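Fold and contact review
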Amino acid sequence: MSEALGPVRLRVAPSPTGDPHVGTAYMSLFNLAFVRQQGGQFVLRVEDTDRARYRDDSEQQLYDTLSWLGLHWDEGPDKGGPFAPYRQSERLETYRPYVEQLLEAGHAYRCWCSTERLQEMRERQQALKQPTGYDRRCLGLTRDERAELPGFTETPVVRMLIPEDPPLTFTDVIRGEVNAPRPDDQVILKADGFPTYHLAVVVDDHLMGITHVVRGEEWISSTPKHVLLYTWLGLPMPQFAHMPLLRNANKSKISKRKNPAARLTWFQEQGYLPEALRNFLALLGYSMPEGQEVFSFDEMVEHFDWQRVNTVGPVFDLDKLDWLNGHYIRSIDEGDLAGRLVQRLQLDGALGDEPTQQQRDVVLAATPLVQTRMVKLDETTGMLGFLLVGDDGLVVEDDAIGSLRDDAGTVLDAATAALQQLPEWTTSAIEAALRAALVEGLGVKPKLAFGPLRVAVTGRRVSPPLFESMEILGRESSLRRLQALRQRVIA
Ligand code: GLU
């Protein structure tokens, strides 16, 4: 493995422990903005050394969600690259010589303490209100010497020997001088032969030529351990930048257990557009010059500057995201939106895997009717489903039936008569005929006159504009639906 030099190389290093976390997208976005500005490389490294929390479907989900968001990496387990493999579980042999080097130099030592002993030790420290941390029971002992003592286990771990006076200050690209607490004698090699995050991250960032380590604020307290490892191993130090954590409105950290919006797949389910989510995530950590709120990734790249990253935990305000999403839905072109509506209808089962051209044409024709009304794509099937079901399959919702007044039958009959004779089936002709027949003819107020027609045609009280919908649906279907409701009203 050769060492990279030259242009910037950044990485995102998620652990595949379930649905990808929104923080991974957030980190990727900021890494990538800098990389694209500088013309460097962006690496996706899978940190799967925690076997207990590993989930094998999450790697694919990670690729899918990041790709959906348009956050593309240049090197990674799926793409390969000059520093492959990019999955830590496939690099176990790589870490071993570094552990040996640290052991030989006396910067690390083996520890045979059993889990039970460590547990007791922690409880004792807590009971005595002492700082918790490893008490160095094994330091300076050989295996045989240690085996004589209680709380021994055959397979050792390897720990860092934190010196008396470790460097606790480091320079952060975003925060300037940062002070971190004194670390414990951190385990770097586990009993199962896997390195812990701390060793693997240092070795891999070095071997993969990472120039800037950009990660969440929760890693600040680990950085002194990494600084020690770089120093002991004689490796050049990358630059560090710690992004602020995303927070709930009550300032707590966003966790997948407590907040569905911590999962990236949630945003897909809800029907947020990737460009809106990208803009939202950017806005959470970044202020554009002149406080611009709506901006593209390319604009972010153009203006990117670490000094403009906010260090105060940004609050996840989903109302803002809704607002942005509505904005993007209104700004993309009709054909593009129609394609996304088709996908959503497929996801919801309202369209099959291979929609016919006629079905696609219906969605395209209806797109302008919903484009200004929609906040999220999860409204698609509710708004457009009536155009894609057969007349017999139309479900008329209970509250829509409940909204009908006694004169619904009369209104439906008069509408049917007017529409049957209509020479041309266009929105304006439909509207003119219905106004003449119902508002002028029957003397019913427009809102009350068109309500039953909406219920008949769409099955709902609220729908896209009625006359346009009827034009798209066609004369035959529209009349059949008026008749069907008429029958129901009599019954
Ligand atoms: N595997 C770590 C995580 O999932 C990576 C932290 C880092 O970027 O150094 O957060």
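Our structure is the block above this text.
Remember, predicted model here, so these are calculated numbers, not experimental data.

With that settled, the discussion passes to the overall build of the protein chain. Per the secondary structure count, the protein chain includes 20 helices and nine strands. What you see for the protein chain is a C-alpha radius of gyration of 31 Å, clearly larger than the 23 Å of a compact globule of 491 residues, by over 25%. Counting across all 491 residues of the protein chain, residues that qualify as buried make up 51%. Look at the contacts in the protein chain between residues 6 or more apart in sequence, and 75% of them connect residues 24 or more apart. As presented, the protein chain carries roughly 22600 Å² of accessible surface, and 49% of it is formed by carbon and sulfur atoms.

Moving on, we get to the pairing of strand β9 (residues 239-243). The element β9 is largely enclosed, with a buried count of four among its five residues. Handedness of the β-α-β unit built from strand β8 (residues 212-216), helix α7 (residues 223-233) and β9 comes out right-handed.

With their axes 9 Å apart at the nearest point, helix α17 (residues 427-442) and helix α18 (residues 446-458) run at an angle of 115° to one another. Between α17 and α18 lies a crossing of right-handed hand. From α17, Leu434, Arg435, Leu438 and Val439 reach across to α18, where they touch Pro446, Ala449, Phe450 and Leu453. Taken together, the residues of the contact of α17 with α18 sort by class into seven nonpolar, no polar and one charged.

Here we take up the site of the ligand. In the region of the ligand, the neighbouring residues are Arg11, Ala13, Pro14, Ser15, Glu47, Tyr197, Val201, Arg215 and Trp219. In the model, a nitrogen atom of the ligand is placed 3.2 Å from a nitrogen or oxygen of the Ser15 side chain. Taking Tyr197, its side chain carries an N or O atom lying 2.5 Å from an oxygen atom of the ligand. Here the ligand has 300 Å² of accessible area as a free molecule, and 82% of this is covered by the chains. Among the residues making up the shell around the ligand, the classes are represented as five nonpolar, one polar and three charged.

As a further point, take the pattern of salt bridges. Summed over the entire model, instances satisfying the criterion amount to 33 salt bridges. The shortest N-O distance in the salt bridge between Glu93 and Arg96 comes to 3.0 Å. Of this pair, Glu93 and Arg96 both sit in helix α3 (residues 92-104), separated by three residues, roughly a single helical turn. Among the residues examined, Arg96 registers a relative accessible area of 34% and is labelled partly exposed. Note that Asp413 is salt-bridged to Arg486, the shortest N-O span being 2.8 Å. Of this pair, Asp413 sits in helix α16 (residues 408-420) while Arg486 sits in helix α20 (residues 475-490); the two residues are 73 residues apart in sequence, bridging distant segments of the chain. For Asp413, a relative accessible area of 35% corresponds to the partly exposed category. With relative accessibility at 17%, the residue Arg486 sits in the buried group.

The strand order across the open sheet formed by three strands is β3-β4-β7, and the pairing between neighbours is antiparallel. Bordering the open sheet on either side are β3 (108-113) and β7 (187-189), each of which pairs with just one other strand. Neighbouring strand axes in the sheet, compared pairwise and without regard to direction, differ in orientation by 50° on average. In this sheet, strand β4 (residues 152-160) lies alongside β3 in antiparallel orientation, the contact comprising five bridges.

This structure, assessed with the given rule, holds 17 aromatic pairs. Ring geometry for Tyr109 versus Tyr134: centroids 6.4 Å apart, planes at 25°, classification stacked. Within this pair, whereas Tyr109 is found in strand β3, its partner Tyr134 is found in the loop between α4 (115-127) and α5 (143-147), the two being separated by 25 residues in sequence. For the pair Tyr109 and Tyr134, one class covers both residues: buried. One aromatic cluster in this structure is built from Tyr26, Phe30, Phe34, Tyr286, Phe304 and Trp306. The ring of Trp73 carries Lys79 above its face, with NZ or CZ at 4.8 Å from the centroid. The positively charged end of Arg159 is found above the aromatic ring belonging to Tyr134, 3.8 Å away from the centroid.

Mapped onto the elements of the fold, Arg117 is located in helix α4. With relative accessibility at 12%, the residue Arg117 sits in the buried group. Ignoring any residue separated from it by four or fewer positions in sequence, one finds Arg117 in contact with Arg124, Tyr134, Asp135, Arg137, Arg146, Pro150 and Gly151.

The terminal C-alpha atoms of α4 lie 18 Å apart, and with 13 residues this matches the ideal 18 Å at 1.5 Å per residue to within 8%. Those residues of α4 that sit buried are Arg117, Leu118, Met121 and Gln125. Within α4, the buried residues cover an arc of 100° as seen down the axis, which keeps them to one side. For α4, the exposed residues set more than 90 degrees away from the buried face come down to Thr115, Glu116, Glu120 and Ala127.

Turning next to the nonpolar core. Of all hydrophobic cores here, the largest spans 106 residues; its most connected members are Phe267, Leu281, Leu434, Leu438 and Leu453. Broken down by element, the residue count for this core peaks at 10 residues, all from helix α1 (residues 22-38). Leaving out residues up to four positions away in the same chain, Leu434 has contacts with Ala415, Leu419, Val439, Phe450, Leu453, Phe467 and Met470.

This next bit is on the pairing of β8. For β8, the tally of buried residues reaches five of five residues, placing the bulk of the element in the interior. Strand direction decides the pairing type here: β8 and β9, joined by five bridges, are parallel. In the strand pairing of β9, Arg215 is matched with His242.

Quick notes on the rules
- Residues numbered from 1 in each chain as written.
- Predicted model: local features only at pLDDT ≥ 70, side-chain atom pairs only at ≥ 80, totals over all residues.
- Heavy atoms only, no water.
- Helix = DSSP H or I, 4+ residues; strand = E, 2+ residues; numbered from the N terminus.
- Rg over C-alpha atoms; globule rule 2.2 N^0.38 Å.
- Buried < 20%, exposed > 50% of the residue type's maximum accessible area, 1.4 Å probe, protein only.
- Contact = heavy atoms within 4.5 Å.
- Areas by Shrake-Rupley, 256 points an atom, 1.4 Å probe, with all protein chains shown as cover.
- Right-handed = clockwise from strand over helix to strand, strands pointing away.
- Axes fitted to C-alpha atoms, helices over the stretch in contact; angles between N-to-C directions.
- Left-handed = near helix turned anticlockwise from the far one by under 90°.
- Nonpolar A, V, L, I, M, F, W, Y, C, P; charged D, E, K, R; others polar.
- Near = heavy atom within 4 Å.
- Polar contact = N/O pair within 3.5 Å; in protein donor to acceptor, adjacent residues only side chain to side chain.
- Salt bridge = Lys/Arg side-chain N within 4 Å of Asp/Glu carboxyl O.
- Pairing = 2+ DSSP bridges.
- Phe/Tyr/Trp six-rings, centres within 6.5 Å; stacked < 30°, edge-to-face > 60°.
- Lys NZ or Arg CZ within 6 Å of the ring centre and 35° of its normal.
- Expected span 1.5 Å × (residues − 1).
- Arc of directions from axis to C-beta.
- Core = buried A, V, L, I, M, F, W, Y, C linked by side-chain atoms within 4.5 Å.

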